[in-house]
Amino acid sequence: MVGPKRPQFVLFGSSIVQLSFSNGGWGAILADVYSRKADIVLRGYYGWNSRRALQVLDEVFPKGLDLRIYTYCRICVDLVNAVKLEPFRHNTHYFSQLSTSQRGQSSGKHECYLENSKYFSELVRTNELCRSYSEACVELCEEMGLKVVDLWTAMQRRDDWLTACFTDGVHLSAEGSKVVAEEILKVLKEAEWEPCFHWKSMPTEYGENSPYDLVASDGKTTINPSEWTFHREIQWD
């Protein structure tokens with residue numbers, strides 16, 4: 001592993017996680033925002049549900065691994081793969097319990113499964129059914145005192161959410177990924193954690209001034225570019 005050692009954000013889940021670095025994805029956005037703050041570690045698996053994830057949990061997160069923040073990214077693919085609501089809630093509780101007992105601060109994050117996919121059966125395509133899974137996850141996180149990102153609700157704020165935020169009713173477009181990134185950053189900013197994991201509160205790696213910094217137009221003074229963000233389409237808070 002390369003150094004220096006940084007805090008890690010682990011993205012663990014199914015296809016929305018695996019694809020989070022594709023086509024302007026939310027994982028890529030976070031990797032950019034935290035580019036000199038923390039490492040964004042991708043552990044996404046296309047088509048998985050919570051039952052499949054439980055089988056490899058100790059391999060993905062070995063006991064004793066020092067993760068300062070454990071972000072469980074659970075997608076409602078459980079709807080597609082026949083995981084009913086109560087087993088889904090039980091499995092999510094297990095993940096959350098593991099993270100709080102072994103990893104310290106934890107952020108439970110629930111993403112939304114949406115309607116009108118051409119790939120899955122009519123039974124699992126309703127936005128209303130997705131809402132019940134979202135509410136179960138939010139309720140569980142509140143019971144356990146965990147921070148939660150309710151993306152189902154966040155998406156519904158847009159009248160054009162289905163066409164603008166998704167490519168096929170399930171997977172996120174670049175516009176949908178912006179909503180995801182914004183909601184994650186909002187929770188990280190508001191959470192009263194020590195240390196704070198909001199990107200503006202974290203130290204910038206090698207952010208000190210150096211005589212080898214860029215030379216200014218006067219040919220004498222130097223310019224420290226370590227905090228530059230002008231390249232970003234959105235100036236994230």
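Conventions adopted
Residues numbered from 1 in each chain as written. Predicted model: local features only at pLDDT ≥ 70, side-chain atom pairs only at ≥ 80, totals over all residues. Heavy atoms only, no water. Helix = DSSP H or I, 4+ residues; strand = E, 2+ residues; numbered from the N terminus. Buried < 20%, exposed > 50% of the residue type's maximum accessible area, 1.4 Å probe, protein only. Contact = heavy atoms within 4.5 Å. Areas by Shrake-Rupley, 256 points an atom, 1.4 Å probe, with all protein chains shown as cover. Expected span 1.5 Å × (residues − 1). Arc of directions from axis to C-beta. Salt bridge = Lys/Arg side-chain N within 4 Å of Asp/Glu carboxyl O. Phe/Tyr/Trp six-rings, centres within 6.5 Å; stacked < 30°, edge-to-face > 60°. Lys NZ or Arg CZ within 6 Å of the ring centre and 35° of its normal. Core = buried A, V, L, I, M, F, W, Y, C linked by side-chain atoms within 4.5 Å. Axes fitted to C-alpha atoms, helices over the stretch in contact; angles between N-to-C directions. Parallel < 35°, antiparallel > 145°, perpendicular 65-115°, else oblique. Left-handed = near helix turned anticlockwise from the far one by under 90°. Nonpolar A, V, L, I, M, F, W, Y, C, P; charged D, E, K, R; others polar. Patch = residues over 30% accessible without salt bridge, like charges linked within 9 Å, V, L, I, M, F, W, Y side chains within 5 Å.

Novice: Quick question: what am I supposed to make of the overall build of the protein here?
Specialist: Regarding its fold elements, the protein presents 9 helices and 7 strands. Burial status across the protein gives 47% buried among its 237 residues. Restricting the contact set of the protein to residue pairs at least 6 apart, pairs at least 24 apart contribute 72%. Of the roughly 12300 Å² of accessible surface on the protein, 50% is carried by carbon and sulfur atoms.

Novice: Can you walk me through helix α6 (residues 127–143) in this structure?
Specialist: An α-helical segment advances 3.6 residues per turn. Residues three or four places apart therefore align on the same side. Here α6 is 17 residues long and its end C-alpha atoms lie 24 Å apart, about the 24 Å a rise of 1.5 Å per residue gives. Taken together, the buried positions of α6 are occupied by N127, C130, Y133, S134, A136, C137, V138, L140 and C141.

Novice: Could you clarify how one ought to interpret helix α2 (residues 26–33) in this entry?
Specialist: Of all the residues in α2, the buried ones are W26, G27, I29, L30 and V33. Looking straight down α2, one finds that the buried residues subtend no more than 160 degrees of arc, so they occupy a single side.

Novice: Looking at this structure, how should I read the pattern of salt bridges?
Specialist: Tallying each qualifying case throughout the model produces 12 salt bridges. D39 is the partner of R6 in a salt bridge, and the nearest nitrogen-oxygen pair spans 3.4 Å. Highlighted residues: R6 in the segment before β1 (8–13) and D39 in strand β2 (residues 39–44), separated in sequence by 33 residues. Judged by its relative accessible area of 22%, R6 falls in the partly exposed class. Given a relative accessible area of 29%, D39 falls into the partly exposed group. Across the pair E205 and R6 runs a salt bridge, and its minimum N-O distance is 2.8 Å. Residue E205 is located in the loop between α9 (174–190) and β6 (214–215), and its partner R6 is located in the segment before β1; the two are separated by 199 residues in the primary sequence. The class of E205 is buried, set by a relative accessible area of 17%.

Novice: Any chance you could explain the packing of aromatic side chains here in plain terms?
Specialist: What describes a pair of aromatic rings is the distance from one ring centre to the other and the angle between the planes of the rings. With the rule as written, the count across this model stands at 7 aromatic pairs. Ring geometry for F9 against Y34: centres 4.9 Å apart, planes inclined by 50 degrees, an arrangement best described as tilted. With F9 in strand β1 and Y34 in the loop between α2 and β2, the pair connects residues that are 25 residues apart, well separated along the chain. The residues F9 and Y34 share a single accessibility class, namely buried. Centre to centre, the rings of W193 and F197 are 6.4 Å apart; their planes meet at 70 degrees, and the pair counts as edge-to-face. Residue classification places W193 among the buried residues on the basis of a relative accessible area of 7%. The rings of F9, Y34, W193 and F197 are connected pair by pair, giving a single aromatic cluster. A cation over an aromatic ring shows up here: R232 above the ring of W199, its NZ or CZ 5.1 Å from the ring centre.

Novice: It is not clear to me how the nonpolar core should be interpreted in this structure. Could you clarify?
Specialist: Side chains of nonpolar character tend, in soluble globular proteins, to be buried together. Membership of the largest hydrophobic core comes to 33 residues, with the highest contact counts inside it found for W26 and Y34. Contributing elements (two or more residues each) for this core: β1, α1 (15–18), α2, α7 (151–156), α8 (161–164) and α9. Per-element tally for this core: the top contributor is α9, with 7 residues.

Novice: Just checking my understanding: could you explain the packing of α2 against α9 for this structure?
Specialist: Helix-helix packing: each pair is described by the crossing angle between the helix axes and the interaxial distance. The contact between α2 and α9 brings their axes to 8 Å, and the two run at 45 degrees. If you check the angle between α2 and α9, you find them oblique. Seen from above, α2 lies across α9 with right-handed handedness. Residue-level contacts link W26, I29, L30 and V33 of α2 to S177, K178, V180, A181, I184 and L185 of α9. Here the contact of α2 with α9 is composed, by residue class, of 8 nonpolar, 1 polar and 1 charged.

Novice: Looking at this structure, how should I read a nonpolar patch on the surface?
Specialist: The grouping of L214, I223, W228 and F230 at the surface amounts to a nonpolar patch, some 420 Å² of accessible area in total. Among the structural elements, W228 can be located in the segment after β7 (222–223).

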